Amino acid sequence: MREIMIVTRESLINLILAAVLLAVPFAADAFGQPFYVTLATRIAILALAATGLNLALGLGGLVSFGHAAFFGIGGYVAGILAAHAFSGDPLLFGLSGTKQMWVIWIVAVIISGLVGLAIGAISLRTSGVYFIMITLAFAQMVYYFAISWPAYGGEDGLSILVRNQFPGVNTMRPLTFFLICYVVLLLALALFALIRASRFGTALQAARQNEVRVATVGIQPYRIRLTGFAISAAVTGLAGALFADLNRFVSPSMLSWHMSGELIVLIILGGTGRLFGPLAGAALYVIFEYALGGLTERWQFFLGLILLVVVLFARGGLLGLLAGKAKHG
Amino acid sequence: MVEPVLQISNLAKNFGALRATDGVTLDLRPGEIHALIGPNGAGKSTLIHQICGTLRQDSGTIRFAGQDIGSLGVAQRAQLGLGRTFQVSSIAPDFSGLRNVMLAVQAKQGSSFRFFKPVMRDRSLIDTAMAMLERVGLTARARIPAAELSHGERRQLEIAMALALGSKAFLLDEPMAGMGPEGSKSLTRFLDTLRHEAPILLVEHDMDAVFALADRISVLVYGRIIATGTVEEIRRDPTVRTAYLGDHA
Amino acid sequence: MTLALALEQLLNGLQLGVMLFLMAAGLTLIFGVMGLINLAHGSLYMVGAFACATVAAWTGSFWIGLIASLAAAAAAGAVVELAVIRRLYDRDHLDQVLATFALILMFSEGTRWLFGSFPLYLDIPPLLQGAVALPGGTEYPVYRLAIILAGAIVAFGLYLLISRTRLGMRIRAGESDREMIGALGVDIRTLYTVVFALGAALAGLAGAMVGALQSVQVGMGEPVLILAFVVIVIGGIGSIKGALLGALLVGVTDTMGRFLLPKILALFVAPAQAGMIGGAAASMLIYIVMAVILAVKPRGLFPAAHA
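Computed from a predicted model, the values in this text were never measured in an experiment.

**Details of the overall build of chain A**
Looking only at helices and strands, chain A features 13 helices and two strands. Its C-alpha radius of gyration of 19 Å places chain A within 12% of the 20 Å reference for a compact globule of 329 residues. A principal-axis box enclosing the C-alpha atoms of chain A has dimensions of 60 × 50 × 40 Å. Buried positions account for 58% of the 329 residues belonging to chain A. Considering only intrachain contacts with a sequence separation of at least 6, the fraction spanning at least 24 residues in chain A is 76%.

**A closer look at the overall build of chain C**
A tally of regular secondary structure across chain C gives 11 helices and two strands. Of the regular secondary structure in chain C, the N- to C-terminal order runs α-α-α-α-β-β-α-α-α-α-α-α-α. What you see for chain C is a C-alpha radius of gyration of 20 Å, in line with the 19 Å of a compact globule of 307 residues. Taken over the C-alpha atoms alone, chain C extends approximately 65 × 50 × 35 Å along its principal axes.

**Let's talk about the nonpolar core**
In terms of nonpolar packing, the biggest core is built from 294 residues, with Leu 48 and Ala 137 of chain A together with Met 23 and Val 230 of chain C touching the most fellow members. Sequence-distant contacts of Met 23 of chain C, that is, excluding residues within four places in its chain, are made with His 41, Tyr 45, Ala 203, Ala 206, Val 224, Leu 225 and Ala 228 of chain C.

**Description of the confidence of the model for chain A**
All names here are of chain A. Of the residues in chain A, 96% reach a pLDDT of 70 or more, and the chain-wide mean stands at 90. Put simply, helix α13 (residues 317-323) is where chain A has its lowest mean pLDDT, 77, and helix α9 (residues 221-247) is where it has its highest, 97. Between residues 1-5, whose pLDDT stays under 50, and residues either more than four places distant or in other chains, the model counts one contact.

**A few points about the interface of chain A and chain C**
Accessible area lost upon the coming together of the parts serves often as the stated size of an interface. The partner chain C presents 34 residues to the 36 residues of chain A that form the contact. Residue assignment for the side of chain A that touches chain C shows that the elements contributing at least two residues are α5 (128-148), α10 (257-270) and α12 (299-313) of chain A. Considering every element that reaches the side of chain A that touches chain C, the biggest residue donor is α5 of chain A, with 14 residues.

**Examining helix α1 (residues 2-34) of chain C**
A rise of 1.5 Å per residue sets the reference length of α1 of chain C, with its 33 residues, at 48 Å; its end C-alpha atoms lie 47 Å apart and thus fit the reference within 8%. Immediately downstream of α1 of chain C, the backbone of Gly 35 of chain C shows phi near 70°, a positive value.

**Notes on the confidence of the model for chain C**
Low-pLDDT portions of the prediction should not be read for the details of their coordinates. Residue and element names in this part refer to chain C. Per-residue confidence for chain C gives a mean pLDDT of 88; residues scoring 70 or more make up 95%. Mean pLDDT across the secondary structure elements of chain C bottoms out at helix α7 (residues 178-183), with 63, and peaks at helix α3 (residues 62-83), with 95. Both scores are available for the predicted complex, with the pTM at 0.90 and the ipTM at 0.87.

**Some words on the sheet that holds strand β1 (residues 6-15) of chain B**
Residue and element names in this part refer to chain B. Pairing within the open sheet is antiparallel, and its four strands lie in the order β2-β1-β4-β5. Each of the sheet's edge strands pairs with one partner strand only, and the pair in question is β2 (18-28) and β5 (67-68). Relative to β5, strand β4 (residues 59-64) runs antiparallel, the two sharing two bridges. Residue pairing across strands places Phe 64 opposite Gln 67, the latter belonging to β5.

**Some thoughts on the interface of chain A and chain B**
The partner chain B presents 30 residues to the 23 residues of chain A that form the contact. Taken together, the elements giving at least two residues each to the side of chain A that touches chain B come down to α6 (174-197), α7 (199-209), α8 (211-216) and α9 of chain A. A total of six residues in the side of chain A that touches chain B trace back to one element, the largest contributor, which is α7 of chain A.

**Quick notes on helix α6 (residues 181-194) of chain B**
All names here are of chain B. Taking 1.5 Å per residue as the helical rise, α6 with its 14 residues ought to reach 20 Å, and the 20 Å between its terminal C-alpha atoms agrees with that figure. Taken residue by residue, α6 has Leu 187, Leu 191 and Leu 194 as its buried positions. The buried residues of α6 occupy one face: seen down the axis, they fall within an arc of 50°. Opposite the packed face of α6, turned more than 90 degrees from it, sit the exposed residues Pro 181, Glu 182, Arg 189 and Thr 193. Where α6 is buried, its residues touch β3 (33-37), α5 (151-164), β7 (169-173), β8 (200-203) and α7 (207-213).

**Concerning the packing of helix α4 (residues 123-135) of chain B against α5 of chain B**
Residue and element names in this part refer to chain B. With their axes 9 Å apart at the nearest point, α4 and α5 run at an angle of 130° to one another. In terms of orientation, α4 and α5 fall into the oblique class. As for the relative orientation of α4 and α5, their crossing is right-handed in sense. Across the interface between the two elements, Thr 128, Ala 129, Met 132, Leu 133 and Arg 135 of α4 pack against Ala 160, Leu 163 and Ala 164 of α5. Of the residues that constitute the contact of α4 with α5, the class distribution is six nonpolar, one polar and one charged.

**Comments concerning unusual backbone geometry**
Of note, the phi angle at Arg 248 of chain A is positive, near 50°, even though the residue is not glycine. For Arg 248 of chain A, the position within the fold is in the loop between α9 and β2 (249-250). Positive phi, normally seen in glycine, also occurs at Glu 174 of chain B, with a value near 50°. Positionally, Glu 174 of chain B belongs in the loop between β7 and α6. Using a count of 20 C-beta atoms within 10 Å as the deciding quantity, one classes Glu 174 of chain B as buried.

**Some words on the packing of helix α4 (residues 101-123) of chain A against α9 of chain A**
Residues and elements named next belong to chain A. Between α4 and α9, whose axes approach to 7 Å, the crossing angle comes to 140°. As far as their axial angle goes, α9 and α4 are oblique. Of the two elements, α4 crosses α9, and the hand of that crossing is right-handed.

**Thoughts on the environment of Leu 187 of chain B**
Residue and element names in this part refer to chain B. The topology assignment puts Leu 187 in helix α6. You can call Leu 187 buried: it has 23 C-beta atoms within 10 Å. Counting along the chain gives 24 residues from Leu 187 to Phe 211, while the straight-line C-alpha distance between them is 14 Å. Once you skip the residues sitting within four places of it in the chain, Leu 187 turns out to touch Arg 155, Pro 175, Met 176 and Met 179.

**As for the pairing of β8 of chain B**
Residue and element names in this part refer to chain B. Across the two faces of β8 the burial is the same, with Ile 200 and Leu 202 and Leu 201 and Val 203 all buried. Pairing geometry for β3 and β8, over four bridges, is parallel. Across the sheet, His 34 pairs through a bridge with Leu 201, a residue of β8. Bridge count for β7 against β8 is four bridges, and the pairing is parallel. What sits directly across from Asp 173, in β8, is Val 203. Crossover connection from β7 via α6 to parallel β8: handedness right-handed.

**Points about the pairing of β4 of chain B**
Residues and elements named next belong to chain B. Pairing geometry for β1 and β4, over five bridges, is antiparallel. Paired with Ala 12 across the two strands is Ser 59, which belongs to β4. Turn length for the β4-β5 hairpin, with the two strands adjacent in sequence and antiparallel, is two residues, and the turn residue Ala 65 shows positive phi of about 50°.

**Things to note about the sheet that holds β3 of chain B**
All names here are of chain B. Pairing within the open sheet is mixed, and its six strands lie in the order β6-β7-β8-β3-β9-β10. Every other strand in the sheet has two partners, leaving β6 (82-85) and β10 (224-229) as the edge strands with one partner each. If you compare each strand with its neighbour and ignore which way they point, the axes differ by 15° on average. Packed on one face of the sheet, helix α1 (residues 44-52) meets β3, β6, β7, β8 and β9 (216-221) and runs near 150° to β7.

**A look at the environment of Ile 267 of chain A**
Residues and elements named next belong to chain A. Structurally, the position occupied by Ile 267 is in helix α10. Overall, the presence of 26 C-beta atoms within 10 Å leaves Ile 267 in the buried class. Every residue in contact with Ile 267, bar those within four places of it in the chain, is listed here: Ala 50, Leu 53, Asn 54, Leu 57, Gly 58, Thr 272, Gly 277, Pro 278 and Gly 281.

About the cut-offs
Residues numbered from 1 in each chain as written. Chains lettered and ligands numbered in written order. Predicted model: local features only at pLDDT ≥ 70, side-chain atom pairs only at ≥ 80, totals over all residues. Helix = DSSP H or I, 4+ residues; strand = E, 2+ residues; numbered from the N terminus. Rg over C-alpha atoms; globule rule 2.2 N^0.38 Å. Buried ≥ 20, exposed ≤ 12 C-beta atoms within 10 Å, placed from the backbone. Contact = placed C-beta atoms within 7 Å. Core = buried A, V, L, I, M, F, W, Y, C linked by C-beta atoms within 7 Å. pLDDT = per-residue confidence, 0-100. Expected span 1.5 Å × (residues − 1). Pairing = 2+ DSSP bridges. Arc of directions from axis to C-beta. Axes fitted to C-alpha atoms, helices over the stretch in contact; angles between N-to-C directions. Parallel < 35°, antiparallel > 145°, perpendicular 65-115°, else oblique. Left-handed = near helix turned anticlockwise from the far one by under 90°. Nonpolar A, V, L, I, M, F, W, Y, C, P; charged D, E, K, R; others polar. Right-handed = clockwise from strand over helix to strand, strands pointing away.

Written out as structure tokens, the structure reads:
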């Protein structure tokens, strides 16, 4: 009885979160406040990136401190494809660039997934604090590469002059672009929920709880984790492509370790391993940033203070506070 | 002569100057319970680790189900049907007992790379897992988080997982440890029936259980097997009496 | 001529390695004894640099500044340990990462609050200004040589501290068995604070010494911190010896890579392209080295007993 009540309570909160995120931009658009539409879009995209990380961190217990690499790679895929489409210069193997978002998304998912596979293959040979530091180091490698490779702007980054296109709609309209991001987020959340409940998700979560147990039933934890890590990277990469289109700009800052830290923070603020944890966390984070930023120039100091308090005293995050302990079935 | 299910020959493992396993030869035949006893520090755990694959032997061979498994990993050995329980129960604590066993069932089916079908709506998984839980008497507790199960119940859960793997041999590491007298008795009765499923290599300190169950006993002291034989032979063996049983018998 | 240049670069690599060692030694000590991963270690480096620059500006003496940097970083370390870090020892690494990440935000923004956004400058003390001649005809700054020397002295001092003193004995005991050290009657809480402050002081010293080479600004600790992570991952987390060798390896590889790779590539492709590809490849070199080492030895070159 109690179990059922908690489950429905979390679902109810999830539903409210999704509804509010959808309602706010419509209201803002109706009142002629496009800024708030952009804010909501930012929340949706960060939530998408953190949902990707949540697959590795929440389900697999893999504390990746390098997911900015995938976020940034997704961003650069969007930026580079758009730049080539604009200039008309062919890309590799005579392929040309594109302004079609869906093509960009596919390329972003594939490339960030493959890089995730490569980084994961080495990093997952280790565990614990080694894993944290190694993922961080690999992300820095990508970061420094982006800075020192001058072809796509180096340190200055790369502008996307006109936002990429999606068939049948005008992506330059903030509300339209928000809706695209919102739908992609919902699809990613559905993917997360499916994976969590699946055989693969069972093995991934079991590997987090007890690695030896998983091996003893004959499943190799490494393969499960590597697959989970690559999917996680791909989803975060997709978010990066959208983020580039939101700002119409990509720069190495998308690859910086602050970004990696931020993504973890989003999950923790919301509630680790929960379906809507990343969305709750992203909403909280962006609202903090905006509200504190309006009050004081030193908002990062207070953000740090809040984060510290959450880590030390409120470990379940926002959803833990609202909906009680997470259930696993 | 029936071929043994598990055949360990001249196994050796050193930690620096310490000979933790010193030329151990041991086999496990179909249908039997073979107990491995010995004082603390005799090297029982080290031996178990090598059989399961968490430690690699320095020399010697381990054959299981007709093939050399000495260089395989833990997961591969489990796939071949080496079912194991741990000295300290090893389960996924956040999952219910049912989902723990379902993990073993899906591993047995060889299908952990399915991403979309919810396991809780997968009858083939649930029914098989429930059948295993019923066999160990855990049906009523199936949906409780494993972390909340009692010590004895976790043991039962581990055995249910080994059953679900369709193990060709069971390796039980001190299953009686930490059990009350009642629990020990019922587990003894259960193991007595489990041997018909697959032979059991039983590492155990509880001598009542060992004498009640074992077809053969091997005594491990300082990394060496000093005697192997039936319960009676071991009881009578003078070297065993001085080396080990003296304070028990 | 090229040989002399290579020698100069080698010395630069050593100097970088020494700085990295000062950072990595503290990180690895703190991890080895307390099992804590501290992202805010770079902030303590920054604290040392700011303290040195400020006090040197007040007093006109680099040396007083240097002492101030040690004192300020150690004090900041002790305060942080007492207020925050000691609540994290029995938490998982994720919590440690997040809490110390939060500390970075607070340190960085707090420093900007106190000192403003403009960088400070720290002059090299008169005693160490100038250059010495290297074989081959080039000159090398005395100050950089002094840093290498200081690093060597600190490394030797740490070795003595850990192998010869009571504090060192307790640190070693803490690394091998945390329960035992409590049973020995050592006051663990105090020991932990002391170890953390010691690590902080080393980071502060590094920051102060580098402060005279670069500008002193917010965020200066972060690139060094991440390199120090690479160092201790390569060396084996918890191992001081690993930190020393890892630091020298990373310092020299990074510096020589940046120097040599474009030159080597120039033998095969056009100079402009060689510069571009070589530069980008050099920036990734130490991470590739790390990946290769980990592929062979997942726990680093000198794995500690536990970790």
